[in-house]
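# Working through the structure, step by step
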Amino acid sequence: MSGWIVQRWLKLDQNQRFLLLTAPVTLFLILFFVVPLIAILVVSFWRTESYQLIVDWNIDNYIDVLTEPSYRVFLLRSIVTALIVSVTCVALAWPIAYFVIRYGGRYKLLLVLGLAVPFLTGIVLRVIALQGVLGPIGLLNLGLMKIGIEPIQALMYTKTATAVGLIYLYLPFVTTAIYLSLLNFNFRLLDAAKVFGAGNFRAFWEITWPLNWVGTVIGFALTFVPSLASAVTPRFLGGANGTLFGLAMGSQFSATGTWSLGAAMGVVLFFVSGITLFTISRIVNLKRSGFTGVGSRD
Amino acid sequence: MDFMSSKSANRIVLGAIVVLAYIFLYVPILHITLASFSRDIVWPYPIRFTWNGYLALMKGSIYHEAFLNSTILGLGTAVISTTLATIAVLSILKYRSRYKPLILFLFLAPLFVADVLLGISTLILNGLFLEIPGNLLSAIFANVVRAFTYAMLIIATQLFRYNWKLDDAAMVFGAGPIRTFFEITLPNIWPALLGAFIVTFILSFNNLDISFYTLGAVPTMPSVAWGSLRFGIKPELYAIAALVNAAVLLCLAVMFVLMRSGTVGFGYKEGRDD
């Protein structure tokens, strides 16, 4: 067939093969990701005055973001919310994925796809629907009032509501990550552990959990970072006290027109998410998670 | 997570959680479906039945175009980002290179950049420098940047445990690299690719911020939904959402019947699991 291509390929060493294969992807990212982002980085060092971008190199924006108390509050609130949301998502996704893999049998794929279906409705509609169900005169509270219980106020326009909304949005990503990780997990290892006398909990904690750590961390990251930057959900569900960092940043580009401040906020967000995830990934012990090693040579 | 003593007790406890999760996810869908049939869409309970929403939808509305655009956006992004991500993950996990840390950082970086920034930066690139108006293709590319990292991480979840010696064995028996990929690697990793495809499709189908800035006036489902919030919710929106859900659930029902009768396996083989 294309014998000469294969011959040329086999003559390349590992380094060259790597570069050759990743070249199209790298090119794409540089074109559509790096170049635009440099523009944003540059803008963050400029100034905006009455909706005009003025080329005046300064770091005022960064000083604003890092010292102004309201932005600090937003950032802290966002980090805490994102952490709670991610941990809850992981805690919920694990039993779901485990059930589907263990007891799903031939319907595994179906159960996982079924979880993903609600997402085709779109974030805006689902948040509206969530309001309709959990809101002050929504389905849940109407039902409670019929029975004679007080309606639950905490479900609307509070930080709890934002957290619930975010969990609602990102649950399928974590579930998919853990599902895929468990798919190749060898459950006979658990039987072996039981033979050697481990109890149920110990078997889980020392065998299942570490070997699927990578899937868990990836699922956590896929929830944490977007939650940190989320803007739509807190806008609808958060109420007056629920402003999150992502929302404040978004309004810099739409409402107030201060693009350079928004750009600076974005850069700060980049580093905050990066540092948090880097710290978490340091805890992962690759060998313990069953990593088969890089490359096909020993 | 086999915490209970007996397997059936364990199944019941875990199954309860799954059922609750399903209810949690589907209740708003139910609300939307009921509301699409109701005369009063804001507070539809108790329901007064009407077909108005669907009739208005049939007459043609902006929602048709929005849905079409969103689907094209979603499919384009899913295909491109899954392909790129597969190449990326395979290269990263298979080969050693001194450039790997740098390239890996580049691949992971889009995750940490907020949607708003991606949209705005592409807008600057398109508007100020290239001077092209908002179009679907640039929106697809902008979404691919975001979706690529998601797809890469999801594929890596399954692929990092892959036994590369299988590929070596295939090469020993004379298969070229491309044949090895299609006949050995792909059949083993297709769940990851499917997962990445679905995730990226959903991500770009629903994406508001990136698409908003790169598309300009071209409507997509999220942007018309957003717009309807400001100008009043129309019943057609609920109707089309209910229809989309119904169509997808129908596909799943067909899959269920096929699986039950054993016609299609989707990778499941009898007796392979416990």
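Residues numbered from 1 in each chain as written. Chains lettered and ligands numbered in written order. Predicted model: local features only at pLDDT ≥ 70, side-chain atom pairs only at ≥ 80, totals over all residues. Heavy atoms only, no water.

### Side note on the overall build of chain A
Of regular secondary structure, chain A possesses 14 helices and two strands. Looking at chain A as a whole, 56% of its 298 residues qualify as buried. In chain A, the proportion of contacts linking residues at least 24 apart, taken out of those at least 6 apart, comes to 66%. For chain A, the accessible area works out to roughly 13,600 Å², and carbon and sulfur atoms hold 68% of it. (Helix = DSSP H or I, 4+ residues; strand = E, 2+ residues; numbered from the N terminus. Buried < 20%, exposed > 50% of the residue type's maximum accessible area, 1.4 Å probe, protein only. Contact = heavy atoms within 4.5 Å. Areas by Shrake-Rupley, 256 points an atom, 1.4 Å probe, with all protein chains shown as cover.)

### Side note on the domain arrangement of chain A
Residues and elements named next belong to chain A. Split by domain assignment, chain A resolves into domain 1 (1-44) and domain 2 (61-289). Contacts between domain 1 and domain 2 engage four residues on the former and seven residues on the latter. Between domain 1 and domain 2 the total buried area reaches about 420 Å² when both faces are included, carbon and sulfur atoms providing 73% of it. Area buried by domain 1 at its contact with domain 2 is led by I40, V43 and S44, which between them contribute 82% of it. At the boundary of domain 1 with domain 2, the tally comes to zero salt bridges. Seen at the junction of domain 1 and domain 2, the total is zero residue pairs in polar contact (both at pLDDT 80 or more). Across the side of domain 1 that touches domain 2, the residue classes break down as three nonpolar, one polar and no charged. (Domains from an automatic or database assignment. Buried area = accessible area lost by both parts, 1.4 Å probe. Salt bridge = Lys/Arg side-chain N within 4 Å of Asp/Glu carboxyl O. Polar contact = N/O pair within 3.5 Å; in protein donor to acceptor, adjacent residues only side chain to side chain. Nonpolar A, V, L, I, M, F, W, Y, C, P; charged D, E, K, R; others polar.)

### With respect to the packing of helix α4 (residues 69-103) of chain A against helix α5 (residues 108-116) of chain A
Helix-helix packing is described using two parameters, namely the angle between the two axes and the distance between the axes. Residue and element names in this part refer to chain A. Direction vectors running N to C along α4 and α5 enclose 155°, while the axes themselves pass 8 Å from each other. Viewed along their axes, α4 and α5 adopt a mutual orientation that is roughly antiparallel. For the pair α4 and α5, the sense of crossing is right-handed. Residues I96, V100 and I101 of α4 touch α5, and the partners they reach there are K108, L111, V112 and L115. Its residues assigned to classes, the contact of α4 with α5 comprises six nonpolar, no polar and one charged. (Axes fitted to C-alpha atoms, helices over the stretch in contact; angles between N-to-C directions. Parallel < 35°, antiparallel > 145°, perpendicular 65-115°, else oblique. Left-handed = near helix turned anticlockwise from the far one by under 90°.)

### Things to note about the pattern of salt bridges
Note that side chains of opposite charge can pair when their charged atoms are close. All names here are of chain A. Within the structure shown, the criterion is met by three salt bridges over all chains. Linking R202 and E206 is a salt bridge whose minimum nitrogen-to-oxygen distance equals 3.2 Å. One end of the pair is R202 and the other is E206, both in helix α10 (residues 200-211) and four residues apart, which spans about a single turn. Residue classification places E206 among the partly exposed residues on the basis of a relative accessible area of 40%.

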